[in-house]
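Geometric and topological summary
Listed below are the residues making up each chain.
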Amino acid sequence: MNPYQEHNDHLNRRQFLNTTGMGLGAAALGSLLSQVEAAGGKHIAGPHNEPKAKRVIFLFMAGAPSQLDLFDYKPDLAARFKEPLPPSVTQGQRVTAMTKGKEQLVAPSKYKFSRHGENGIWLSELLPHTGSVIDDICLIKSTNTDAINHDPGKTLFCTGTEIPGKASMGAWLSYGLGRLNENLPDFVVLNSAFWTGGTSNVQALYSRLWGSGFLPSKHQGVAFQPAGDPVLFLSNPDGVTRKVRHQMLDFVTEMNQEHLGAIGDPEIQTTIAQQEMAFRMQMSVPELTDLSDEPQSVLDLYGPEVHKSGSFARNCLLARRMAERDVRCIQLFHRGWDHHVKLPQQLEGQCYDVDQACAGLLKDLKQRGLLEDTLVVFGGEFGRTTYCQGTLTHDDYGRDHHPRCFSTWMAGAGVKGGITHGETDDYCYNIVKDGVHVRDFNATILNQLGLDHNKLTFPFLGLDQKLTGVNPARVVKEILA
């Protein structure tokens, strides 16, 4: 056998099929999809119901904030300082290898809590700015998850499964709803370049958290950089003018179109679309990231860190600017929340980073009328334990991972403000009322954007894949107006 001749024959057969019936079918499908997108940028997958939101901003606190020190007030624990956690509470539940077999001593929060808003919602003294916007927030105290370690926890929250390789939420939204702005990506990711809570126990963030998985790659998130070009390789090389770049793009597109006609690979269409988008972004992205037109009163909403490139505060302001320009999904990642030891020292720094910025974002969106159709969500991959890890004094303690209960919040776009949902037990260890699994949380986000999580599917490996997976999930209708 001649391997070269066999390969050549295979290519000839493929080309024959592509240029006859299969080729005509692919051409017809491509034409149909182009017409659908040109008619309003909507993908044929949705929407399934009347949307309350046009876009979502997901504030992801990577590392898992302590709900007990921030959101879930348990004043009676002060009297149980250093007491062993009762077996009736722990119920033999799994713990991480870091505290397995060790004594579980109660560590009450050292922080004072006070009431905020019309309904007197309790919040930690570390969140005074969040308290000023609590009437716009639904605080969910009964969030829970399956994962007990960081990587699976983040992967589950962002992609619907602990197993890597699935499509992220932003990719699902791009696939299901299509583009709102032809000059910017559907899905943008902003990672904080620094955090005040210290650099110990800070896990890496993987691009699969905003990847497209089995969906066409045009739906993956575009990560903006804190320094240099906001998007890598966006600027023209030295000596290449915009006119020359346009000519190069036209020539490459022509070759790609010929290749598409011969092969029929939809990823070639993605390449063409991404190259054209990159050319348009050369104009739209610099305008987006230039904050010189922002008045001082707006900058003051986000706090002093807004002037630092790569800060969470600056990224929150950029998120508002993206919301104005109809980016569909904007996801901010802020690391540094993994506080196994010295929690008070590190937690205070983290809250300095995010408290005023989150509140400023809500205020800014609201004063522009954008909060009505922008869903803002806040949360980490899981919670922290009531029992201590490491040194335990009244002012120094750490907490291990805890998937059984943690706090998240939602605001805007048809979510009831000024309420709490769900309850935990006296030890902040188990849920006693209205549990909200991460799958339910994600199903609710999709619902507010007009998507039914059971209908938003994509065939892959013999299964109609969904963001919420194969396990039951529900929309948390109790928190919706």
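Counting restarts for each chain: residues are numbered from 1 in the order of the written sequence. Selection of residues for local features in this predicted model requires a pLDDT of at least 70, selection of side-chain atom pairs for listing and counting requires 80 or more, and totals for whole chains, interfaces and linings are taken over all residues. Only heavy atoms go into the side-chain values, all of them from the structure, while hydrogens and water stay out.

1. Examining the packing of helix α11 (residues 312–324) against helix α12 (residues 343–367)
Note the following rule: A fitted line through C-alpha atoms serves as each axis, taken over the contacting stretch for helices, and the angle formed by two N-to-C directions is quoted from 0 to 180°. By the criteria applied, helices consist of DSSP H or I runs no shorter than four residues and strands consist of E runs no shorter than two, each listed in order from the N terminus. Relative orientations are named as follows: roughly parallel for angles under 35 degrees, roughly antiparallel for angles over 145 degrees, roughly perpendicular for angles from 65 to 115 degrees, and oblique for any other angle. Note on convention: the crossing is left-handed when the near helix lies turned anticlockwise from the far helix by less than a right angle, right-handed when the turn is clockwise. Contacts are assigned to residue pairs with any non-hydrogen atoms lying within 4.5 Å of each other. The nonpolar class holds Ala, Val, Leu, Ile, Met, Phe, Trp, Tyr, Cys and Pro. Asp, Glu, Lys and Arg form the charged class, and all remaining residues, Gly among them, are polar.
Remark: α11 packs on α12, axes separated minimally by 8 Å, with the N-to-C direction vectors making an angle of 20 degrees. By the angle between their axes, α11 is roughly parallel relative to α12. Note on packing geometry: the crossing formed by α11 with α12 is right-handed. Of the residues in α12, those touching α11 at F312, A313, C316, L317, R320 and A323 are D353, V354, A357, C358, L361, D364 and L365. Among the residues forming the contact of α11 with α12, the class breakdown is 10 nonpolar, no polar and three charged.

2. Remarks on the side chain of T468
Cut-off, in case you're wondering: Each residue's exposure class comes from its accessible area (1.4 Å probe, protein chains only) as a fraction of the maximum for that residue type: buried when under 20%, exposed when over 50%, partly exposed otherwise.
Mapped onto the elements of the fold, T468 is located in the segment after β17 (463–465). Look at T468 and you get buried, because its relative accessible area is 1%. Excluding residues within four positions of it along the chain, T468 makes contact with R439, A443, H453 and A473.

3. Things to note about unusual backbone geometry
If a residue is not glycine, its phi is most likely negative; likewise, a peptide bond is most likely trans. A positive phi angle, near 65 degrees, is found at K82, a position not held by glycine. Summarising the element assignment, K82 is placed in the loop between α3 (67–70) and α4 (87–90). A positive phi angle, close to 65 degrees, is found at D326, a residue other than glycine. Structurally, D326 can be placed in the loop between α11 and β7 (329–334).

4. Description of the pattern of salt bridges
Using the following cut-off: Salt bridges are defined as contacts in which a side-chain nitrogen from Lys or Arg sits within 4 Å of a carboxyl oxygen from Asp or Glu.
Under the definition given, this model contains 25 salt bridges. The residue R439 makes a salt bridge to D146 at a minimum N-O spacing of 3.2 Å. Highlighted residues: R439 in helix α13 (residues 438–448) and D146 in the loop between β4 (137–144) and α6 (150–159), separated in sequence by 293 residues. Given the relative accessible area of 12%, R439 is considered buried.

5. A few points about the packing of aromatic side chains
To keep it simple, the criterion reads: The pairing test for Phe, Tyr and Trp rings, Trp by its six-membered ring, is centres within 6.5 Å, and the orientation test on the planes gives stacked under 30 degrees, edge-to-face over 60, and tilted for anything in between.
Per the counting criterion, the structure on display carries 17 aromatic pairs. Between F58 and F157 the ring centres are 5.5 Å apart and the planes differ by 75 degrees, which places this aromatic pair in the edge-to-face class. Placement of the pair is F58 in strand β1 (residues 55–61) and F157 in helix α6, with a sequence separation of 99 residues. By the burial criterion, F58 is buried, and F157 matches it. Between the aromatic rings of F58 and F441, the centroid separation amounts to 6.4 Å while the plane-to-plane angle is 45 degrees, which identifies the pairing as tilted. Taken together, the residues span a long stretch of sequence, with F58 in strand β1 and F441 in helix α13 at a distance of 383 residues.

6. Digging into the side chain of T155
Rules: Polar contacts, as used here, are pairs of N or O atoms within 3.5 Å; protein pairs need one atom able to donate a hydrogen and one able to accept it. Residues neighboring in sequence count only if both atoms are side-chain atoms.
Within the secondary structure, T155 is located in helix α6. Only 2.7 Å separates the side chain of T155 from the backbone oxygen of D151, close enough to count as a polar contact. Apart from residues no more than four positions distant in its own chain, T155 is found in contact with G160, T161, E162, I163, P164, R208 and L209.

7. Overview of α13
The buried fraction of α13 is high, at 11 of 11 residues. Among all positions of α13, only V438, R439, D440, F441, N442, A443, T444, I445, L446, N447 and Q448 are buried. Immediately beyond the C-terminal end of α13, within one or two residues, lies G450, with a positive phi of roughly 90 degrees.

8. Comments concerning α12
In plain terms, the rule: What a helix is expected to span follows from its residue count: subtract one and scale by 1.5 Å. At any given residue, the bend is defined as the angle formed between two axes, one fitted to the seven residues that end at that position and one fitted to the seven that begin there.
Across its 25 residues, α12 extends 35 Å between first and last C-alpha, which sits within 8% of the 36 Å expected from 1.5 Å per residue. At C351, α12 shows its maximal kink, close to 30 degrees. In terms of burial, α12 is largely enclosed, as 18 of its 25 residues are buried. G369 sits one or two residues past α12 and shows a positive phi near 75 degrees.

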